[in-house]
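Listed below are the residues making up each chain.
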Amino acid sequence: MTAPVAHSAGGVARLAARASLEEVDARVCECRACPRLVSWREQVAREKRASYADETYWGRPIPGWGSTEPGILIVGLAPAAHGGNRTGRVFTGDRSGDWLFASLYRVGLANQPTSTHLDDGLELRGTRIVAAVRCAPPQNKPTTEERDTCAPWIDREVSLLLPGLRAVVCLGSFGWVAAFRSLAAAGLPTPRPRPRFGHGVEVPLGDLTVLGCFHPSQQNTFTGRLTQPMLDAVLGRAAELASL
Ligand code: SF4
């Protein structure tokens, strides 16, 4: 059956509310609530990068991916135009993903260190990855309105996963803010004011710990702001917290 389509912020809120995880994944893929992002994701998919000219881009929103009963949730910003927006899986086929999945493999949370396409055999152990905003934005910068329009998707996902979560790893300050907002929306008491984001920062919230991690973007990895040992340390700590 075809999933219903959200054309507005109200439509997103209505379709996300009370949806199962499977329904969230199906419905978000059909979402068209942000005109600028719909236009951009489809334009990128049509025009393509020269090196991917013979590929069919996904060109749609990217659902969460990984375990359906995770102990660890990794929250990123948004799909990359020629990464997730091309391959259809979050962090797959871009440089940030190269770093992330290699690290997940090193700490025992992935069965292989690479992530290139949907059928590449990659599996995560007890871990799920989501983007706070599900469509690729120009310059990787969603507007505040787009962030808020998309929020019900991650809010619903977090509320469904919350009972089993032991660690939420936030990649960058955008993911940090989105995670705290979703956890609060799910009814978890969260500190006010919100703790400041930083790499390695840990905020215990009962059975769950929120961990800050610099985003593995080239901006951080090329400059040495984020190193492999730094990324491994946070993801390894998450594995420890989730007893994985
Ligand atoms: S960013 Fe989110 S709310 Fe906006 S169109 Fe994409 S999936 Fe829908």
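Report on the accompanying structure. (Residues numbered from 1 in each chain as written. Predicted model: local features only at pLDDT ≥ 70, side-chain atom pairs only at ≥ 80, totals over all residues. Heavy atoms only, no water.)

A count of helical and extended segments in the protein chain gives 9 helices and 6 strands. Expected size for 244 residues packed as a compact globule is a radius of gyration near 18 Å; at 17 Å, the protein chain falls within 12% of this value. Across the 244 residues of the protein chain, 53% fall into the buried class. When contacts within the protein chain are restricted to residue pairs at least 6 apart in sequence, those whose partners lie at least 24 apart make up 70%. If you sum the accessible surface of the protein chain, you get close to 11000 Å²; carbon and sulfur atoms cover 50% of it. Each charge class in the protein chain can be summarised by its mean position, and for the 27 positive and 23 negative side chains these summaries are 6 Å apart. (Helix = DSSP H or I, 4+ residues; strand = E, 2+ residues; numbered from the N terminus. Rg over C-alpha atoms; globule rule 2.2 N^0.38 Å. Buried < 20%, exposed > 50% of the residue type's maximum accessible area, 1.4 Å probe, protein only. Contact = heavy atoms within 4.5 Å. Areas by Shrake-Rupley, 256 points an atom, 1.4 Å probe, with all protein chains shown as cover. Lys, Arg positive; Asp, Glu negative; His and termini not counted. Charge placed at Lys NZ, Arg CZ, Asp CG, Glu CD.)

Spatial ordering of the open sheet is given by β1-β3-β2-β4-β6-β5, a layout of 6 strands whose pairing is mixed. A single partner strand is all that each edge strand has here, and the edge strands are β1 (65-66) and β5 (202-205). Two strands pair when backbone bridges link them, and β1 and strand β3 (residues 127-131) are joined in this way by 2 bridges, in the antiparallel orientation. Bridge pairing in β3 links Trp65 to Ile129. Of the strands in this sheet, β1, β2 (72-76), β3 and β4 (167-171) are in contact with helix α5 (residues 95-106), which crosses β3 at around 165 degrees. Those strands touched by helix α7 (residues 172-185) are β2, β4, β5 and β6 (208-213), and its axis lies near 145 degrees from that of β4. (Pairing = 2+ DSSP bridges. Axes fitted to C-alpha atoms, helices over the stretch in contact; angles between N-to-C directions.)

Under the definition given, this model contains 14 salt bridges. Between Arg128 and Glu157 there is a salt bridge; the shortest N-O distance is 2.7 Å. Placement of the pair is Arg128 in strand β3 and Glu157 in helix α6 (residues 144-161), with a sequence separation of 29 residues. An identical accessibility class is assigned to Arg128 and Glu157; each is buried. (Salt bridge = Lys/Arg side-chain N within 4 Å of Asp/Glu carboxyl O.)

Moving on, we get to the side chain of Thr221. For Thr221, the position within the fold is in helix α8 (residues 218-221). The exposure class of Thr221 is buried, given its relative accessible area of 12%. Look past the residues within four positions of Thr221 in its chain and what remains in contact with it is Trp99, Pro216 and Leu226.

Our next topic: the site of the ligand. What surrounds the ligand is a group of 13 residues, the closest being Cys31, Ala33, Cys34, Cys135 and Cys150. Here the element with the most residues in the shell around the ligand is α6; it accounts for 3 residues. Looking at side-chain class alone, the shell around the ligand contains 11 nonpolar, 1 polar and 1 charged residues. (Near = heavy atom within 4 Å. Nonpolar A, V, L, I, M, F, W, Y, C, P; charged D, E, K, R; others polar.)

Moving on: the nonpolar core. Core analysis: the largest hydrophobic core is formed by 27 residues, its most contacted members being Ile72, Ile74, Leu100, Leu104, Ile129 and Val169. Listed by contribution, the elements that provide at least two residues to this core are β2, α5, β3, β4, β6 and α9 (228-241). In terms of nonpolar packing, the next biggest core, distinct from the first, is built from 22 residues, Leu73, Val75, Leu165 and Leu188 among them. (Core = buried A, V, L, I, M, F, W, Y, C linked by side-chain atoms within 4.5 Å.)

Moving on to the packing of aromatic side chains. Overall, the coordinates contain 4 aromatic pairs when judged by the stated rule. Centroid distance Trp176 to Phe197: 5.6 Å. Interplanar angle 70 degrees. Geometry classified as edge-to-face. With Trp176 in helix α7 and Phe197 in the loop between α7 and β5, this residue pair connects regions lying 21 residues apart in the sequence. Given a relative accessible area of 2%, Trp176 falls into the buried group. Members of the aromatic cluster, joined through ring pairs, are Trp176, Phe180, Phe197 and Phe214. Against the face of Trp65 rests Arg89, its NZ or CZ located 4.3 Å from the ring centre. Sitting above the plane of the Phe214 ring, Arg225 keeps its charged end 3.8 Å from the centroid. (Phe/Tyr/Trp six-rings, centres within 6.5 Å; stacked < 30°, edge-to-face > 60°. Lys NZ or Arg CZ within 6 Å of the ring centre and 35° of its normal.)

Another point: the environment of Leu226. Secondary-structure assignment places Leu226 in the loop between α8 and α9. For Leu226, a relative accessible area of 0% translates into the label buried. Not counting residues up to four positions away in its chain, the partners in contact with Leu226 are Trp99, His199, Phe214, His215, Pro216, Asn220, Thr221 and Leu231.

Taking 1.5 Å of rise per residue, the 12 residues of α5 would be expected to cover 16 Å, and the 17 Å separating its terminal C-alpha atoms lies within 8% of that figure. The set of residues buried in α5 consists of Ser96, Gly97, Leu100, Phe101, Ala102, Ser103 and Leu104. Against β1, β2, β3, β4 and α9 lie the buried residues of α5. Structurally, the start of α5 carries an N-cap: the backbone nitrogen of Ser96 is 3.1 Å from a side-chain oxygen of Asp94. (Expected span 1.5 Å × (residues − 1). Polar contact = N/O pair within 3.5 Å; in protein donor to acceptor, adjacent residues only side chain to side chain.)

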